[in-house]
Amino acid sequence: DQQVKQNSPSLSVQEGRISILNCDYTNSMFDYFLWYKKYPAEGPTFLISISSIKDKNEDGRFTVFLNKSAKHLSLHIVPSQPGDSAVYFCAASHGGSEDMRFGAGTRLTVKP
Amino acid sequence: EPEVTQTPSHQVTQMGQEVILRCVPISNHLYFYWYRQILGQKVEFLVSFYNNEISEKSEIFDDQFSVERPDGSNFTLKIRSTKLEDSAMYFCASSLGPRDRRPLFGSGTRLTVV
């Protein structure tokens, strides 16, 4: 199932700089997108979401951008902090289905 | 802050045995979900549950799986006859309602079938 793809398995960033995590999707029916963060031995923690009627949603240090024509979304974290080090999952769903599809995740490491 | 709790955190079972994974969703949430993540693979949707019945299930959720809300607080996943390939992290999640499409996840149960 490749409907949601995170092509970078890992990303390393210096503390204070911007982290940009990318996600691509193939299903044009998707209309709601989410980012989750996951620490080892814990469940995914909801971070931020965006509806397809928007192209940007911001919450503190986290901003999600959606480019519908490119079927691409990105998560920007600025400034990055060592505590942000985790695996980040992109997920997508469409109205009428509760089946949320996840990407494979990107492991972010923020170096002090 | 309210959270989804799952027990046990780790379950080891013999192949062919039945297991029940337990979850207590957030108390005012109405939608409940099970997801699983096989080691090294993606998080996969199994089933959603609303109003005391399955509302949607994936192709993974075959006849060996069942879910139940036996009382007002618990939500369980039963695997009838476990197989080696059922070994995975199983995550329970819940969400407030149909307009809230942000499931909140528990910490998971690691199921190991030997």
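Residues numbered from 1 in each chain as written. Chains lettered and ligands numbered in written order. Predicted model: local features only at pLDDT ≥ 70, side-chain atom pairs only at ≥ 80, totals over all residues. Heavy atoms only, no water.

## Notes on the overall build of chain B
Item 1. If you tally the helices and strands in chain B, you get zero helices and eleven strands.
Item 2. The linear arrangement of helices and strands in chain B, starting from the amino end, is β-β-β-β-β-β-β-β-β-β-β.
Item 3. Its C-alpha radius of gyration of 13 Å places chain B within 12% of the 13 Å reference for a compact globule of 114 residues.
Item 4. Here chain B, with 114 residues, has 49% of them falling under the buried criterion.
Item 5. For chain B, restricting intrachain contacts to residue pairs at least 6 apart in sequence, the fraction spanning at least 24 positions comes to 53%.
Item 6. With the model as given, the accessible surface of chain B reaches about 5,900 Å², and the carbon-plus-sulfur share is 46%. (Helix = DSSP H or I, 4+ residues; strand = E, 2+ residues; numbered from the N terminus. Rg over C-alpha atoms; globule rule 2.2 N^0.38 Å. Buried < 20%, exposed > 50% of the residue type's maximum accessible area, 1.4 Å probe, protein only. Contact = heavy atoms within 4.5 Å. Areas by Shrake-Rupley, 256 points an atom, 1.4 Å probe, with all protein chains shown as cover.)

## Some remarks on the pattern of salt bridges
Residues and elements named next belong to chain A.
Item 1. Scanning the entire structure with this criterion turns up five salt bridges over all chains.
Item 2. Close ionic contact of Asp84 with Arg61 constitutes a salt bridge, the shortest N to O distance being 2.8 Å. Pair noted here: Asp84 is in the loop between strand S8 (72-77) and strand S9 (86-93) and Arg61 is in the loop between strand S6 (56-59) and strand S7 (62-67), with a separation of 23 residues, a long-range link.
Item 3. Across the pair Arg101 and Asp99 runs a salt bridge whose closest N-O atoms are separated by 2.9 Å. (Salt bridge = Lys/Arg side-chain N within 4 Å of Asp/Glu carboxyl O.)

## Points about the interface of chain A and chain B
Item 1. Counting from both sides, the interface comprises 26 residues of chain A and, opposite them, 18 residues of chain B.
Item 2. Between chain A and chain B lies a buried interface of about 1,700 Å² when both sides are counted; carbon and sulfur atoms form 54% of it.
Item 3. Together, A:Pro44, A:Glu98 and A:Phe102 form the three largest contributors to the area buried by chain A at its contact with chain B, with a combined 34%.
Item 4. Here chain A is connected to chain B by one salt bridge.
Item 5. The salt bridge involving B:Arg101 is made with A:Asp31; its shortest N-O contact spans 2.7 Å.
Item 6. The interface formed by chain A and chain B contains four residue pairs in polar contact (both at pLDDT 80 or more).
Item 7. Looking at the side of chain A that touches chain B, the elements that each hand over two or more residues are strand S4 (32-38), strand S5 (45-51) and S9 of chain A. (Buried area = accessible area lost by both parts, 1.4 Å probe. Polar contact = N/O pair within 3.5 Å; in protein donor to acceptor, adjacent residues only side chain to side chain.)

## Considering the sheet that holds strand S3 (residues 19-25) of chain A
Residue and element names in this part refer to chain A.
Item 1. The antiparallel open sheet is built from five strands, whose spatial order is S1-S3-S8-S7-S6. The open sheet has two edge strands with one neighbour each: strand S1 (4-5) and S6.
Item 2. Note that S1 and S3 share two bridges and pair antiparallel. Considered in S3, the bridge of Lys5 is made with Asp24. (Pairing = 2+ DSSP bridges.)

## Concerning the pairing of strand S3 (residues 19-24) of chain B
Residues and elements named next belong to chain B.
Item 1. Of the two faces of S3, the one lined by Val19, Leu21 and Cys23 is fully buried and the one lined by Ile20, Arg22 and Val24 carries no buried residue.
Item 2. Looking at chain direction, strand S1 (residues 5-7) and S3 are connected through three bridges and run antiparallel. Each residue of the ladder has a partner; that of Gln6, found in S3, is Cys23.
Item 3. In this sheet, strand S8 (residues 75-79) lies alongside S3 in antiparallel orientation, the contact comprising five bridges. From the neighbouring strand, Cys23 faces S8, where its bridge partner is Phe75.

## A few points about the confidence of the model for chain B
Item 1. Across chain B, pLDDT averages 93, with 98% of residues at or above 70.
Item 2. Taken element by element, the predicted model of chain B shows its lowest mean pLDDT in strand S6 (residues 53-57) of chain B (92) and its highest in strand S11 (residues 109-113) of chain B (98). (pLDDT = per-residue confidence, 0-100.)

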